[in-house]
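Tertiary structure, described
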Amino acid sequence: MPIAIRAGQSLNRRQLLVRSAATCAVAGLGSLARPYLSRAADRPLITSGIQSGDVSADSAVIWARADRAARMQVECSTLESFNTVIGSATADALPDSDFTSKVLLDGLPPGQDIFYRVRFESIDGQGLAGETQLGHFRTAPTSRSSISFAWSGDTTGQGWGIDESRGGMRTYRTMLDNRPDFFIHSGDHIYADCPVERELKLPDGGVWRNIVTEEKSVVACSLAQYRGNYKYNWLDESFRAFHAAVPLFAQWDDHEVTNDWAPIGTADETGYAEDGTSHLVARARRAFHEFMPMRAAPAQEDGRIYRKIAYGPLLDVFMIDMRSYRDSTWNKRDDHGDTCILGAAQLAWLKRELVASDATWKVIAADMPIGLISEDAIALGDGPPERREHEIADLLSFMKRAGIRNTVWLTADMHYTAAHQYDPNRAAFQDFEPFWEFVSGPLHAGTWAPAPLDNTFGPKVMFQKGCSGENLAPCYGMQFFGRVDIDGKTEVMTVTLKDVDNRDLWSVDIEPRQDARPGQIMAQHI
């Protein structure tokens with residue numbers, strides 16, 4: 001696993017290190033600059049761009065990947081000129097982590113634009129350094145400031161890879177134009193089970209021409225192939241530009257491993273460990289953590305993905321994991337015994353964190369929706385809770401009893417976009433408060449038709465948009481993401497569903513509830 005290292009005293013605002021900064025040049029920037037040497041082949045390079053993640057009011061994770069064993073050097077500043085450097089950190093990129101590396105920058109000022117620069121130096125002590133790349137993020141506020149963020153999921157699915165003649169992964173460029181404070185990727189960062197072929201025929205007679213790589217040309221089984229799926233996405237220019245400028249809050253779903261996987265019931269031809277766990281899942285999990293700019297989990301919970309990210313007094317984001325602790329591969333009515341989608345430990349954690357949260361809004365970032373009927377998810381059809389629905393019913397009724405207000409669910413997975421309003425007055429199970437769920441995606445994958453809802457928790461479709469068939473190519477414009485704006489003065493949350501061409505498809509303003517009375521919800525169709 002990549003090593004996260006705190007920046008330490010160099011990031012203490014009371015002990016700022018004032019350093020001279022040179023102008024941007026190929027040889028480097030500021031204190032990272034080195035005398036020019038002609039030994040270009042000996043200089044370690046950044047191979048897959050740079051990214052930040054899990055940003056809080058005073059810290060952030062910075063990630064990059066080198067082309068060889070090297071030492072990552074990171075500096076940050078509140079000034080784009082880097083005239084004042086407020087901190088630095090280093091970490092080694094080694095073969096064991098496929099030359100990926102992470103550092104944790106700590107002690108940052110809240111509510112500030114932070115500019116950072118990354119380069120790799122040779123690890124043999126010769127001091128040879130490669131080019132510098134620049135990135136940006138904004139730390140969470142500690143005041144009631146306005147917030148804007150985006151979410152979506154589903155990248156490089158169904159064989160639709162990078163076709164440069166069609167603009168590559170265009171949705172990433174559109175999201176960058178929205179300048180969100182951060183981005184929640186709701187899962188399916190890769191499609192490890194969907195190889196990318198050189199050409200795919202389109203319904204209109206055209207041809208989709210993919211960039212192809214050896215590791216992305218087969219169904220992933222080895223660790224190298226899983227890593228290759230992540231490296232493939234970094235070949236796209238818009239993908240690289242977006243992640244250099246917008247922090248990532250990452251969670252996973254099934255295609256980071258294989259379609260519809262679960263800890264129990266997933267066939268693994270590569271074999272199992274002595275404790276019965278799948279080698280396939282272990283390799284996929286390792287690659288995911290290597291390539292995601294996530295904070296390290298507690299030592300006793302190595303590899304844990306679910307976590308809370310506090311983003312100021314107006315927002316807490318609860319990143320949940322609906323894959324790692326579920327009961328089995330399929331969600332069928334005739335299955336009996338213990339059933340779960342979150343698992344006892346994660347469910348207890350979520351309840352504790354929701355109760356402890358004093359943020360105005362509590363966003364639950366889920367990797368799949370609640371009420372869409374699917375044998376891989378939660379809903380089974382009309383009627384009282386069954387199987388995995390019991391956990392959701394338990395959670396929703398707990399939130400009602402505990403007086404937890406202003407929860408909003410964000411998700412992807414379904415390859416179309418939708419807004420669902422859940423209301424106990426329409427529901428077979430009624431012990432909960434009304435809430436919203438918003439679905440978005442795909443970012444860059446096949447688009448599908450909307451799925452049916454069940455009435456267990458009383459969802460109503462307020463808006464949905466997909467295609468009439470299945471696996472519609474990205475070039476037809478049915479690629480979606482969502483934008484959330486929270487007003488710092490009124491605390492009203494505005495959720496807007498958008499498409500790849502930045503069109504506002506539908507939006508809703510949700511007023512925060514200050515008491516037990518339902519808040520006024522105003523929907524505006526565009």
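Residues numbered from 1 in each chain as written. Predicted model: local features only at pLDDT ≥ 70, side-chain atom pairs only at ≥ 80, totals over all residues. Heavy atoms only, no water.

1. What to know about the packing of aromatic side chains
Overall, the coordinates contain 25 aromatic pairs when judged by the stated rule. Consider the rings of phenylalanine 149 and phenylalanine 182, whose centres lie 4.7 Å apart with planes at 10°: the pair is stacked. Of the two residues, phenylalanine 149 is situated in strand 8 (residues 147–152) and phenylalanine 182 in strand 9 (residues 182–185); the sequence distance between them amounts to 33 residues. Here phenylalanine 149 falls in the buried class, since its relative accessible area comes to 0%. A relative accessible area of 0% places phenylalanine 182 in the buried class. (Phe/Tyr/Trp six-rings, centres within 6.5 Å; stacked < 30°, edge-to-face > 60°. Helix = DSSP H or I, 4+ residues; strand = E, 2+ residues; numbered from the N terminus. Buried < 20%, exposed > 50% of the residue type's maximum accessible area, 1.4 Å probe, protein only.)

2. What about the pattern of salt bridges?
Summed over the entire model, instances satisfying the criterion amount to 31 salt bridges. Arginine 304 is paired through a salt bridge with glutamate 301; the nearest N and O atoms lie 3.0 Å apart. Given the relative accessible area of 27%, glutamate 301 is considered partly exposed. Note that arginine 503 and aspartate 501 form a salt bridge whose closest N and O atoms lie 3.5 Å from each other. Take arginine 503: its relative accessible area is 46%, and that puts it in the partly exposed class. Because the salt bridges share partners, they merge into one network encompassing Asp253, Asp254, Arg323, Arg326 and Asp376. (Salt bridge = Lys/Arg side-chain N within 4 Å of Asp/Glu carboxyl O.)

3. Details of the nonpolar core
By size, the foremost hydrophobic cluster in this structure holds 58 residues, and its most contacted members are Val118, Phe149, Phe182, Ile184, Leu315, Leu410 and Phe438. Ignoring any residue separated from it by four or fewer positions in sequence, one finds phenylalanine 182 in contact with Ile147, Ser148, Phe149, Ala150, Val246, Pro247, Phe249, Tyr311, Leu315 and Val317. One finds Phe183, Leu223, Leu443 and Phe481 within the second-largest nonpolar core, a separate group that totals 36 residues. (Core = buried A, V, L, I, M, F, W, Y, C linked by side-chain atoms within 4.5 Å. Contact = heavy atoms within 4.5 Å.)

4. Re the sheet that holds strand 4 (residues 87–93)
Read from one edge of the open sheet, four strands run 4-3-6-7, paired in antiparallel fashion. Of all strands in the sheet, those bounded by a partner on one side alone are strand 4 and strand 7 (133–138). Within the sheet, the average angular offset between the axes of one strand and its neighbour, ignoring direction, is 25°. Strand direction decides the pairing type here: strand 3 (residues 70–77) and strand 6 (residues 113–122), joined by eight bridges, are antiparallel. (Pairing = 2+ DSSP bridges. Axes fitted to C-alpha atoms, helices over the stretch in contact; angles between N-to-C directions.)

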